[in-house]
Structure formats: structure tokens, C-alpha cells
Amino acid sequence: MVTTSAIYESLVKTVGKNYVSNQKEEQYFYARDGGLMPAHEPDYVVLPRTTEEVQEIVKLANREKVPIVPKGAGLALTGLVIPQKGGILLDMKRMDRILEVNEKARYVVVEGGTTHGALKSYLQKHHPDLRHSIPDSPPVATVVANVVIHGQGRLSQQHGFNSDMVSGLEVVLPTGEICRIGSCSVSSYWFSKGPPLPDLSGLFLGWFGTTGIITKLGLKLYPCKKIRDVMLFLTDRVELVPDIMLKLSHTEMVEDVTISAQPLPLRYKGTFWIMAYITGDSGEELEFKRKMVWDALWGYFESRDLGPLSVSPDMKAPLMSMPSKDITRFADVAKGGGFQYAGPITPIEKFPAFIKKLDEVAKKYNVFYASTTRLIGAGHCMMFSFSFSFNRANPDEMARAKEALDECSKFALEEGGVLWKADLDEQKMLMAKMDPNTLSLMKKLKQLLDPNGIMNPGNWEVK
Ligand SMILES: Cc1cc2nc3c(=O)[nH]c(=O)nc-3n(C[C@H](O)[C@H](O)[C@H](O)COP(=O)(O)OP(=O)(O)OC[C@H]3O[C@@H](n4cnc5c(N)ncnc54)[C@H](O)[C@@H]3O)c2cc1C
């Protein structure tokens, strides 16, 4: 076993001394994320620039059995980038190039640390007819990490999870080989992550960086219509929300459907704010879509169970921004406040039961909530957020928020949901409920890919 200073020197040799640190300041910063999971320091922080540098670092880590944790912006909030067993924290932010846009086959190839904000700006400037599915996380969130956790964004109502839109991968395996996945393994085109080949992307997507480091990603792009608008509806009949979502989806006219619920100010309590986004290349196209949505919901307007709301310009600006700029306002982040959400993926019929639970749990633990649900696929499922705020200066409130989240996650699992971007406690809940043969398959795959258990250890650890 080599000494820690020899490992440090090897890392310096690979990326240069400006991009390695074993100093307390960096260790403190990289020990935590914005959520509620306890901090744990890395031994080294490394910022690679190229796939070959990643490969060298992984080979070193594998040889010396040093843990290695890839990090995007750390905004998953569930501690997935906290180095549970120390080792090397690999900050991907220098691998931020946009390598190729194929306008005709409609995909982009980006490096492993490219941010959603950078991709959005690049497309707006150079390919204004194309767009990707932007999540509502802050713009520094990375494209790769978002698909690694099976994120969802503005095009998910139409096209499924953002990871369904992946069109190819380049991965550094835990044993150091560079491997291409999808059409790019046999062709210079990155149009498919699997079909018609065996789809090996599932060995990496959803694994939280425990099976390899993605250094390049192909992502599908979609038409960017010239005009966007939002239609806002209000109901106090929680039991009708699933059907309203289905009706909206059935029109095949809406880009995105989200539902917000929060108890304060009091006038909002018990009401559900349904946002339906529509797009068009002309006023006529937009008007047609607006009418289709209107017709689909007409019965509810007549029975007075649902009402349209006019959207003032002040309200419209944040609603239209991508990512949404006001989604975190309920947590006073600037003053040390934070928030975390459990976001189970679940059938949409569960909306009323989940809202009831959210309200109950918030009262029980005396925490404040705000919830935003997003429809995924044509009604196939939704992401329901049990989202609680807390103040970092108040450890008791943080403990209550974590207990509230855990209780909601347990409930969601019992109700048939599947936990999204699960923290360590939620991963245990999931694995305790999982079919034992599925679990055993996961264990075999992990051992095969990562025989020394170096990749983001602690996560998806099948006992
Ligand atoms: C206000 C707010 C709103 C949000 N809204 C949304 C939303 O609408 N939709 C949504 O999907 N999410 C949302 N999120 C959650 C999250 O921020 C996003 O999913 C984000 O894209 C995660 O990216 P990241 O770079 O922060 O990931 P990180 O937290 O850095 O990483 C997530 C996981 O990916 C792994 N990883 C990182 N890079 C690599 C790599 N190159 N190779 C292999 N593994 C890697 C990490 O080890 C970790 O396990 C929101 C978060 C906030 C704070």
C-alpha cells in the first residue's frame, strides 16, 4: 500500500497541482451538500479535464483501493456526493465542453460535467430550433448527474424521464477501461443508447456513480417552438387532480404539467395550482392548443370544480423561466435555510393520498412544506415532492425535517411508489422491499464491474 502523500503526488502528476487538494478548506466544502445527510470529508479533491485523466485517476484508485466519488453540482440534495468512506472526490466541473450537435439526428454530445445552464445557452445561441429537457434545478446542475439519478424536466410529460432521452455514453469503468455504450460503440453517430443493440446503459443510469464515471453523454434534442405559454387552473377538489392530469395529457398538446400545493399564506391552503405549458410556432398553433386544453377541462369548469386563473405579468415571468426561479423561495436559503425533498415516482392516482400524508406529517413534525408534482410520460407516473424546509442554525428542526422525509418515503413505498434519488436510508428501505432475485442480480453486476468496491461506496450496497 502506498502512502497518502504518494497518492497525492500521483494525482498531481495526472491533473496538475492546481487541480488537486488535500487541504482542510476543500475537504470541509466537499464533505457536504445542501440537504440533511451528515457530512463526511474526502481525503483528496481532484478536478480532471479529460477522459484520459479520469482513467488515470480511476486506475490509481482501483490499484490502491481508494474510494472515488464523482460529483456534478451536488444538488441532488440527498447526500449522494458525500464521500461516505473518504477517498477521492472527483469534481467533474472542468469537463464542461459541448462536443457536437447533430441537427438532423437531433442529439448533442456533452462532457461529463457540462451544466444544464451552459447547454441551454449554447442551444439558444447556436441551434435555436432545438432544446433539451431542462429540470428545475439551479442551472449549475449537470446534465450527466441528472440522468444518473433518472431526473425529469420540462419535456418529461411528452418524452419520459430525462434518462429516457440519453442517446449514448462514454464511461470509465471502475477497473479503468474506457467503454462506449449505444450506437457510438459501433458508429460515429450517437443516436441511440441501446436499441438495436443490448441496452447496456442500464448498468450506469440509476446507479449513483457506483458502477463507473460517465465522461461523455449523448442526449436527444427536441424542436424548440417559437412561442411558449402557461395556462393556470385552480381546484380545491384534491380527488379530481389525477383525472385532470390525465385529461391534460390526453390532449397530447401540453409540454409540461405541474401541480403545486402549499399551506401558507393561508389563502393557498387546500388549493391545487395546476400549470399546463403549451408551445407553438405561431399564434394560431398556440390558440388551437389552448382551445384543446380548454375543451378537455370544460366539464370541470361547468361543475365549478376547476377554474382558470389569469396569469399576471409578474407571476408569468417566474412561471415561464426555465429552470423555475421561485421554486426554492419557501426555504430562506440565503439566510442559512435549506430544504430537501423526497420525490417518489408513483402512479398519479396516489395524488390525494400523498397530499393528505404531506399535511399530516408536516403537522406531526412541525415543519413547513411546499410540494410540486410533475407528470411523467403520458400519465404513466408522476414525481410527487414531499418537500420540507429547515434552518441550518436549528439542528432540532433539521432532525424533524429528516424524520418527516423518512416517514413520507416509507408511506410512499407502502403505497406502491418507488423512491427517487434515494438517500442512504431510503436506499435501505428500497432494498428491504426489493425482490431478492433482483437484489442478487444488482449485487452480481456491481461485483463484476467494481470488484474492489471503490465507486461511491456506501451507495447501493447490497449486503
Ligand atoms: C431547487 C431544485 C429544483 C430541482 N428540480 C429538479 C427537477 O425539476 N428535475 C430533476 O430531475 N431534478 C431536480 N432537482 C434535483 C437535482 O438538482 C437535479 O437532478 C440535478 O440535475 C442533479 O445534478 P447535480 O450535478 O447537482 O448532481 P450531483 O448531486 O452532483 O450528483 C448526483 C449523482 O450523480 C453522480 N454523478 C455525478 N457525475 C457523474 C458522472 N460524470 N458519472 C457518474 N456518476 C456521476 C453522483 O455521484 C451522484 O450519485 C432539483 C434540485 C433543486 C435544488
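Each chain has its residues counted from 1, following the order in which its sequence is written. Note on the predicted model: pLDDT of at least 70 is required for a residue's local features to be given, and 80 or more for side-chain atom pairs to be given and counted; whole-chain, interface and lining totals, by contrast, use all residues. With hydrogens and water stripped out, all remaining heavy atoms of the structure feed into the side-chain values.

Enquirer: Sorry if this is basic, but what is going on with the sheet that holds strand β2 (residues 44–46) here?
Expert: The strands that make up a sheet pair up through hydrogen bonds in the backbone, lying either parallel or antiparallel. Being paired, for any two strands, means DSSP has found at least two bridges between them. Numbering of helices and strands starts at the N terminus; helices are DSSP runs of H or I of at least 4 residues and strands are runs of E of at least 2. The strand order across the open sheet built from four strands is β1-β2-β4-β3, with neighbouring strands paired in mixed fashion. What marks the edges here is a single partner per strand, and that holds for β1 (20–21) and β3 (68–71). As defined by bridge partners, β2 adjoins strand β4 (residues 88–91) across three bridges and the pair is classed as parallel. Pairing of tyrosine 44 across the sheet is with isoleucine 88, part of β4. Any two residues whose heavy atoms approach within 4.5 Å at even a single point are treated as in contact. Between the N-to-C directions of two axes lies an angle of 0 to 180 degrees, each axis being a line fitted to C-alpha atoms and, for a helix, fitted only over the stretch in contact. Where helix α3 (residues 51–64) meets the sheet, it contacts β2, β3 and β4, and its direction lies at approximately 165° from that of β4.

Enquirer: Hey, could you run me through the nonpolar core in this one?
Expert: When a protein is soluble and globular, its nonpolar side chains tend to lie buried together. Core analysis: the biggest nonpolar cluster contains 67 residues, and Phe233, Leu248, Leu297, Phe351, Phe386 and Phe388 have the highest contact counts within it. Per-element accounting of this core gives the leading share, eight residues, to helix α11 (residues 395–414). Counting 27 residues, the second largest nonpolar core, distinct from the first, contains Leu123, Val144, Val166 and Val171. The definition of a nonpolar core used throughout is a set of buried Ala, Val, Leu, Ile, Met, Phe, Trp, Tyr and Cys residues joined through side-chain atoms within 4.5 Å. Exposed residues in this analysis have more than 50% of their type's maximum accessible area, buried residues have under 20%, and partly exposed residues fall in between, with area computed by a 1.4 Å probe over protein chains only.

Enquirer: I keep staring at helix α10 (residues 351–365) and nothing clicks. Help me out?
Expert: Note on helix geometry: an α-helix contains 3.6 residues per turn, so any two residues three or four positions apart are oriented the same way. Any helix carries an expected span of 1.5 Å times its number of residues minus one. The terminal C-alpha atoms of α10, which comprises 15 residues, lie 21 Å apart, in line with the 21 Å expected from a rise of 1.5 Å per residue. Every buried residue of α10 is listed here: Phe351, Phe354, Ile355, Lys357, Leu358, Asp359, Val361, Ala362 and Tyr365. Looking one or two residues past α10, asparagine 366 carries a phi angle of roughly 55°, positive in sign.

Enquirer: For this particular structure, what's the right way to read the site of the ligand?
Expert: A molecule or strand has a residue near it when one of that residue's heavy atoms lies within 4 Å. Lining the immediate surroundings of the ligand are 37 residues, of which Pro70, Gly74, Leu75, Asp136 and Gln152 lie closest. By the criterion applied in these results, polar contacts are pairs of N or O atoms within 3.5 Å in which, for protein atoms, one can donate a hydrogen and the other can accept it, and in which residues neighboring in sequence qualify only through two side-chain atoms. Glycine 74 places a polar main-chain atom, nitrogen or oxygen, 2.7 Å from an oxygen atom of the ligand. One nitrogen or oxygen atom from the main chain of leucine 75 is found 2.7 Å from an oxygen atom belonging to the ligand. Coverage of the ligand by the protein amounts to 97% of the 970 Å² it exposes when considered alone. Those elements giving two or more residues to the shell around the ligand turn out to be β3, α5 (143–148), β10 (213–220) and β16 (337–342). By residue number, the principal contributor to the shell around the ligand is α5, which donates four residues. Nonpolar residues are Ala, Val, Leu, Ile, Met, Phe, Trp, Tyr, Cys and Pro. Charged residues are Asp, Glu, Lys and Arg, and all others, Gly as well, are polar. Across the shell around the ligand, the residue classes tally to 22 nonpolar, twelve polar and three charged. Accessible surface is estimated by sampling points in the Shrake-Rupley manner with a 1.4 Å probe; for residues, cover comes only from the protein chains shown.

Enquirer: Is there a simple way to explain unusual backbone geometry in this structure?
Expert: Negative phi values dominate among residues other than glycine, just as trans dominates among peptide bonds. With an omega of 5°, the peptide bond running from proline 195 to proline 196 counts as cis. Topologically, proline 196 is positioned in the loop between β9 (178–181) and β10. The peptide bond linking leucine 264 to proline 265 adopts the cis configuration, its omega dihedral lying at -10°. Relative to the helices and strands, proline 265 is located in the loop between β13 (256–261) and β14 (272–280). Even without a glycine there, the phi angle at asparagine 456 is positive, about 35°. Relative accessible area serves as the criterion here: at 1%, asparagine 456 is assigned to the buried category.

Enquirer: For this particular structure, what's the right way to read the sheet that holds β13?
Expert: Pairing is antiparallel across the open sheet formed by seven strands, whose spatial order is β15-β12-β14-β13-β18-β19-β17. Two strands bound the open sheet, and with one partner strand each, they are β15 (307–309) and β17 (345–346). Contacts from helix α7 (residues 241–250) reach β12 (227–235), β13, β14, β18 (371–376) and β19 (381–383) within the one sheet, and its direction differs from that of β14 by about 5°.

Enquirer: Teacher, can you tell me more about the pairing of β14 here?
Expert: Working note: regular strand, side chains alternate between the two faces of the sheet. A large share of β14 lies buried, amounting to nine of its nine residues. Burial along β14 is two-sided: the residues Phe272, Ile274, Ala276, Ile278 and Gly280 and Trp273, Met275, Tyr277 and Thr279 are all buried. Inspection of the sheet shows β12 paired to β14 by nine bridges, in the antiparallel sense. From the neighbouring strand, arginine 228 faces β14, where its bridge partner is threonine 279.

Enquirer: Teacher, can you tell me more about the packing of α7 against helix α8 (residues 283–302) here?
Expert: Helix-helix packing: each pair is described by the crossing angle between the helix axes and the interaxial distance. As a packed pair, α7 and α8 sit with axes 9 Å apart at the nearest point and diverge in direction by 155°. Taken together, the axes of α7 and α8 lie roughly antiparallel to each other. At the point where α7 passes α8, the crossing takes the right-handed sense. Contacts from Asp243, Ile244, Lys247 and Leu248 of α7 reach α8 at Val293, Ala296, Leu297 and Tyr300. Broken down by class, the residue content of the contact of α7 with α8 amounts to six nonpolar, no polar and two charged. Roughly parallel covers angles under 35 degrees, roughly antiparallel covers those over 145, roughly perpendicular covers 65 to 115, and oblique covers all other angles. Each crossing gets its hand from how the near helix is turned against the far one by less than a right angle, where anticlockwise is left-handed and clockwise is right-handed.

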